[in-house]
Protein chains: 2
Amino acid sequence: MDGADSLIETSVQAGVDVCFANPGTTEMHLVAALDRSTRMRAVLGLFEGVCTGAADGYGRMTGRPAATLLHLGPGFANGIANLHNARRAQTPVVNWVGDQATWHLAADAPLTSDIESLARPVGWVRSNTGAETLARDGADTIAASLDAPGRVATLIIPADAAWEAAAGPARPKKPIEPRRVDDAAVAAAAETLALEGACLFLGGVAALSESGVRAAHRIATGTGCRVLSETFSSRNEFGPELPVAPPLPYFPEQGRETLGDASRVVLAGAREPVSFFGYAGQPSAILRDDQPISTLAGAEDNVVGALEALADRVGAEGPIAPRPQAEPATGPLTVGSLGQTLAALIPENAIVVNEAATTGLAFNVFAPSAARHTSLGLTGGAIGQGLPCAVGAAIACPDRPVTAFQADGSGLYTMQALWTMARESLDVVVVICANRAYRILQAELARAGVAEPGPKAMGLTDLSNPPIDWVSAAKAFGVPGTSVNDTDAFAAAYRRALAEPGPQLIEAVL
Amino acid sequence: MDGADSLIETSVQAGVDVCFANPGTTEMHLVAALDRSTRMRAVLGLFEGVCTGAADGYGRMTGRPAATLLHLGPGFANGIANLHNARRAQTPVVNWVGDQATWHLAADAPLTSDIESLARPVGWVRSNTGAETLARDGADTIAASLDAPGRVATLIIPADAAWEAAAGPARPKKPIEPRRVDDAAVAAAAETLALEGACLFLGGVAALSESGVRAAHRIATGTGCRVLSETFSSRNEFGPELPVAPPLPYFPEQGRETLGDASRVVLAGAREPVSFFGYAGQPSAILRDDQPISTLAGAEDNVVGALEALADRVGAEGPIAPRPQAEPATGPLTVGSLGQTLAALIPENAIVVNEAATTGLAFNVFAPSAARHTSLGLTGGAIGQGLPCAVGAAIACPDRPVTAFQADGSGLYTMQALWTMARESLDVVVVICANRAYRILQAELARAGVAEPGPKAMGLTDLSNPPIDWVSAAKAFGVPGTSVNDTDAFAAAYRRALAEPGPQLIEAVL
């Protein structure tokens, strides 16, 4: 058994059995060990951002980390954007990054660079120093990824540590469990939320789980408080029978309007709401100084336990407010008709990976009353998350249909994910919202005071010259595709795509 | 004038007038300033690695930095792999990375991360702190990029520094010039190279310039020494009338064989030769302890000046050794027939961006006797450099035909560069070497002792299931393409592609 075998065996024993890989020379002994293992699945991505985004999607759906296998500093760097999203989603992810052999580092060969400096901004990092400690470091890395609430953990593996002899696997290490919220904090929150105009603000996977939103609904019914959630969530459970915690709108002035009449805010797993970006003349905070903030449970706490304890103390069962029901629309394809129709047609038990950006607005209105489904959002703002995340979700949940509702500009960053969908025959329907622009930036240009953008500013936010042909892009990667610009045609194409096995792409031209 | 205007104006005055951009919200005021400037060209990339690779290609061809415009940490991270290549190529590159407004950093909004930690591994970094110092920091960043021999320099720009008022542009700062090599070092090298079995080892843009290789050839003629160069060079000048400094072969045992009978080695702009990767049972060094190494000139020195001084002292004019002449081959397309045919047909004054990896072997043999051309190589080993680098080279040299000789596996990392070629109507012929495998990794697997890879190891190095359809990929981005699997058909397609304006793609199926 070499170091690589000891790492793979340790990981399998700790419940990590999927590896999203884009290896190079320094990882060949790890590849050989994957080859020898019967229990670790290896999935190839053509670009590292596919691997890291897939690991994020997998971790969101299972609560367990997948591993990524990446090639030194530059290979790891290609995966950072989606690791940033995973970090903000508090998703457990384990990265295995091959490095030069320990004794070869000093030679500063061409691919050598400071991997720790690259990895630190996305989470926990350890540099292994030899085969005899690789299994132990592997177990520690997995535990680190699972420390509550979950995080990105990176293990840097020298090539010689993988090929030198090792004693055997290490036993799994117990991660840090969520802390129990004490009764005093629950009592304090109960008192606060009973006050006129109070708002309960949810954030994180636990608070937005079915248990979390059900407990929050009982609290709201019992106390009269309002329930809201962070703008972008790792994971939402939606369905006609489920309570909703509406997300805070994206732009800060909208957020201030939404929260303007809140007398006070209690955080449950959420952070204090802040503006996504800073704008001239506006503060970072969404809340005013006269709107006190208190915390029921932080991200590291047992948030559901705290919500349920609070609901048991002050809650009451109550009906769910009626919500707009989506029916398929008709006519030319617009943001409104696309979102409404998609919401009307998503199948029961679907997973929707939502990186539709500006095109998602209408869908987001209808999603809470669509068929029961799980929605995964863009937590870190690093675009190019949707298609890889859909790969990971589909591998995590082979029995659930996945729809990637994807903005075109963002989708281009990691379009190579389409190939992995084809190779692995994943049941993913990709809906590309082809408005052929960085529409959000056109809005932001206007917000920056550019009333009439000149040709350069227009050029830097426009994707129509030449237009991207997404059907050809899908074909390039072995995914059947079709293009539609009419709502009925979209509905028919989406129904057909759902009925076909394997991935399908629909370019919805807006 | 706001800070953004002061930066753009400073840069134009310092000779930086091309910006490869993939901006986001925090860069909107910089986009507005680009819009107002009549002298700065802005080129959009659909992925940040396209922008940084293009800046590398531009810098290699002009000796002047282009700027990149990137969006916070995750956007910058997407550009790191090609910045790593630029770092190893010693290319001057300037990065402008937008960050949160100074007063918004503490809010730790979703896209916030430690950009300095990401940027340090690729070079010089400065974090600007306000509009009043932005022009000065901009001038310092440009100078830092041009400090001999050239490097990647990153300026982190808070959004408020771009939008707040500024006094005006800053005057250009003088970069550190190459150091003159003193006469004693030249005299010592002259003595060493006159000894039996001595080898002159060239590295870096200066040593491999036309002046550099001509001086080295005179030195070799006068002293009888051998001339070699580093395995991967930023830039080579090739042509029938030019001397050649053959590159050290890639694998270390081949390198040892090549240098085995060298009695001593003198470095000119080069680093001591080391193995690209460490292999079990092999040292890092290519040279033995009994092969002394001395230095004529380091990378920061005036390498050409030193070579010419040395040539003036001990050199002699001499004929150039005959080299194999390439004629178009015929028959089925193979690594040999493709490389030979391409070398036979590349047009006079071409720029060849060579990221053909294993498929490049035959071409590399014939390139020195092909028509006069410039070749740009993969200096840092971070794959996905070729297509972006071709974009930058074409924008730097609009009158020169560019051929991107591109491995398929590597090309997939930054295929979005095809769109920028189409949008900017760049005269680039892309030749995709479609062997549908990570062939180098299949070789490395064997070197790692895996004689018979199992399905997982084969799967992780194989791109044939499904095969990538590069003609459809080109079509997706607005580039006309054709697929060939016969040498005559390749020759015809290449000739046709050269004759057409704008980009063309040829998928050469091997």
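Residues numbered from 1 in each chain as written. Chains lettered and ligands numbered in written order. Predicted model: local features only at pLDDT ≥ 70, side-chain atom pairs only at ≥ 80, totals over all residues.

Thoughts on the overall build of chain A
Line of reasoning, step 1. Broken down by element type, chain A carries 22 helices and 17 strands.
Line of reasoning, step 2. For 510 residues, the compact-globule estimate of 2.2 N^0.38 gives 24 Å, and the C-alpha radius of gyration of chain A, at 23 Å, lies within 12% of that figure.
Line of reasoning, step 3. Each principal axis of the C-alpha distribution contributes one length, and for chain A these read about 65 × 60 × 45 Å.
Line of reasoning, step 4. Relative to its full complement of 510 residues, chain A shows a buried share of 65%.
Line of reasoning, step 5. Within chain A, residue pairs in contact and separated by at least 24 positions form 80% of the contacts whose partners lie at least 6 positions apart. (Helix = DSSP H or I, 4+ residues; strand = E, 2+ residues; numbered from the N terminus. Rg over C-alpha atoms; globule rule 2.2 N^0.38 Å. Buried ≥ 20, exposed ≤ 12 C-beta atoms within 10 Å, placed from the backbone. Contact = placed C-beta atoms within 7 Å.)

Describing helix α5 (residues 80-89) of chain B
Line of reasoning, step 1. Burial runs high along α5 of chain B: ten of the ten residues are buried.
Line of reasoning, step 2. Buried within α5 of chain B we find Ile-80, Ala-81, Asn-82, Leu-83, His-84, Asn-85, Ala-86, Arg-87, Arg-88 and Ala-89 of chain B.

Observations concerning the nonpolar core
Line of reasoning, step 1. Formed by 375 residues in total, the largest nonpolar core has its most connected members in Leu-200 and Ala-268 of chain A together with Leu-200 and Ala-268 of chain B.
Line of reasoning, step 2. Excluding residues that lie within four positions of it along the chain, Leu-200 of chain A makes contacts with Leu-193, Ala-216, Ile-219, Ala-220, Cys-225, Val-227, Val-266 and Ala-268 of chain A. (Core = buried A, V, L, I, M, F, W, Y, C linked by C-beta atoms within 7 Å.)

Concerning the domain arrangement of chain A
Residues and elements named next belong to chain A.
Line of reasoning, step 1. Domains assigned within chain A are domain 1 (3-163), domain 2 (183-314) and domain 3 (335-509).
Line of reasoning, step 2. Using C-alpha coordinates to define each centre, domain 2 is positioned 29 Å away from domain 3.
Line of reasoning, step 3. The interface of domain 2 with domain 3 comprises twelve residues on the first partner and 15 residues on the second.
Line of reasoning, step 4. The residue inventory of the side of domain 2 that touches domain 3, partitioned by class, reads six nonpolar, four polar and two charged. (Domains from an automatic or database assignment. Nonpolar A, V, L, I, M, F, W, Y, C, P; charged D, E, K, R; others polar.)

Quick word on the relation of the copies chain B and chain A
Line of reasoning, step 1. If you rotate chain B by 180° and push it 0.0 Å along the axis, it lands on chain A with an RMSD of 0.0 Å. When the rotation and shift are considered jointly, the pair of chain copies conforms to a two-fold rotation axis.
Line of reasoning, step 2. The share of interface residues of chain B whose copies in chain A are also at the interface is 100%, consistent with both copies meeting through the same surface. (Least-squares fit on C-alpha atoms with pLDDT ≥ 70 in both.)

Focus: the interface of chain B and chain A
Line of reasoning, step 1. Contacts between chain B and chain A engage 79 residues on the former and 79 residues on the latter.
Line of reasoning, step 2. Per-class residue counts for the side of chain B that touches chain A are 46 nonpolar, 23 polar and ten charged.

Some words on the packing of helix α9 (residues 183-193) of chain B against helix α13 (residues 303-314) of chain B
Residue and element names in this part refer to chain B.
Line of reasoning, step 1. Running from N to C, α9 and α13 cross one another at 55°; their axes reach a closest spacing of 10 Å. Judged by the angle between their axes, α9 and α13 are oblique. Between α9 and α13 the crossing geometry is right-handed. Across the interface between the two elements, Val-186, Ala-189 and Ala-190 from α9 touch Ala-306, Ala-309, Leu-310, Arg-313 and Val-314 from α13.
Line of reasoning, step 2. Its residues assigned to classes, the contact of α9 with α13 shows seven nonpolar, no polar and one charged. (Axes fitted to C-alpha atoms, helices over the stretch in contact; angles between N-to-C directions. Parallel < 35°, antiparallel > 145°, perpendicular 65-115°, else oblique. Left-handed = near helix turned anticlockwise from the far one by under 90°.)

What about helix α13 (residues 303-314) of chain A?
Residue and element names in this part refer to chain A.
Line of reasoning, step 1. Here α13 spans 16 Å end to end across twelve residues, near enough to the 16 Å set by a 1.5 Å rise per residue.
Line of reasoning, step 2. Among the twelve residues in α13, nine count as buried, and that is most of the element.
Line of reasoning, step 3. Listed in full, the buried residues belonging to α13 are Val-303, Val-304, Ala-306, Leu-307, Glu-308, Ala-309, Leu-310, Ala-311 and Val-314.
Line of reasoning, step 4. Where α13 is buried, its residues touch α9 (183-193), α10 (204-207), α11 (210-223), β10 (264-268) and β11 (293-297). (Expected span 1.5 Å × (residues − 1).)

Examining the pairing of strand β16 (residues 481-484) of chain B
Line of reasoning, step 1. Here β16 of chain B runs beside strand β17 (residues 504-509) of chain B; their pairing, made up of four bridges, is parallel. Among the inter-strand pairings, Gly-481 of chain B is bridged to a residue of β17 of chain B, identified as Leu-505 of chain B. (Pairing = 2+ DSSP bridges.)

So, the sheet that holds strand β7 (residues 198-202) of chain B
Residues and elements named next belong to chain B.
Line of reasoning, step 1. Taken together, four strands build an open sheet; the order of strands is β8-β7-β10-β11 and the sheet is parallel. Two strands in the sheet have a free side with no partner beyond their single neighbour: β8 (226-229) and β11 (293-297). Shown here is a sheet whose adjacent strand axes are inclined to one another by a mean of 25°, direction ignored.
Line of reasoning, step 2. The pairing of β7 with strand β10 (residues 264-268) spans five bridges and is classified as parallel. Among the inter-strand pairings, Cys-199 is bridged to a residue of β10, identified as Val-265.
Line of reasoning, step 3. Against the sheet, helix α11 (residues 210-223) contacts β7 and β8, and its axis sits at roughly 180° relative to β7.
Line of reasoning, step 4. Contacts from α13 reach β10 and β11, with the element oriented near 105° to β11.

Quick look at the sheet that holds strand β6 (residues 152-158) of chain B
All names here are of chain B.
Line of reasoning, step 1. Across the sheet, which stays open at both edges, the six strands sit in the order β2-β1-β3-β4-β6-β5 with parallel pairing between neighbours. A strand with exactly one partner marks an edge of an open sheet, and here the two such strands are β2 (41-44) and β5 (123-127). If you compare each strand with its neighbour and ignore which way they point, the axes differ by 20° on average.
Line of reasoning, step 2. Examined bridge by bridge, strand β1 (residues 18-21) and strand β3 (residues 67-71) share three bridges and lie parallel to one another. Its bridge partner lying in β3, Cys-19 is registered against Ala-67.

Examining the packing of α11 of chain B against α13 of chain B
Residues and elements named next belong to chain B.
Line of reasoning, step 1. Following both chains from N to C, one finds α11 and α13 inclined at 30°, their axes separated by 8 Å at the closest point. The orientation of α11 relative to α13 falls into the category roughly parallel. Crossing angle aside, the handedness with which α11 passes α13 is left-handed. Between α11, through Ser-211, Gly-212, Ala-215, Ala-216, Arg-218, Ile-219, Gly-222 and Thr-223, and α13, the contact on the second element is made entirely by Val-303, Val-304, Leu-307, Glu-308, Leu-310, Ala-311 and Val-314.

Some thoughts on the pairing of β10 of chain A
Side chains on a regular strand alternate between the two faces of the sheet.
Residue and element names in this part refer to chain A.
Line of reasoning, step 1. For β10, the buried fraction is high: four of the five residues fall into the buried class.
Line of reasoning, step 2. Strand direction decides the pairing type here: β10 and β11, joined by four bridges, are parallel. Following the sheet pairing, Val-266 is matched in β11 by Ser-294.

Comments concerning the environment of Val-314 of chain B
Line of reasoning, step 1. The topology assignment puts Val-314 of chain B in helix α13.
Line of reasoning, step 2. Ignoring anything within four residues of it in the chain, the contact list for Val-314 of chain B reads Ala-190, Ala-194, Ile-219, Gly-222 and Thr-223 of chain B.

Some thoughts on the confidence of the model for chain A
Line of reasoning, step 1. With 100% of its residues at a pLDDT of at least 70, chain A reaches an overall mean of 97.
Line of reasoning, step 2. For this predicted complex, the interface score ipTM comes out at 0.98, alongside a pTM of 0.98. (pLDDT = per-residue confidence, 0-100.)

Regarding the environment of Arg-436 of chain A
Line of reasoning, step 1. Looking at the secondary structure, you find Arg-436 of chain A in the loop between β15 (428-434) and α19 (439-447).
Line of reasoning, step 2. Note: C-alpha distance between Arg-436 of chain A and Ala-280 of chain A (156 residues apart in sequence) is 29 Å.

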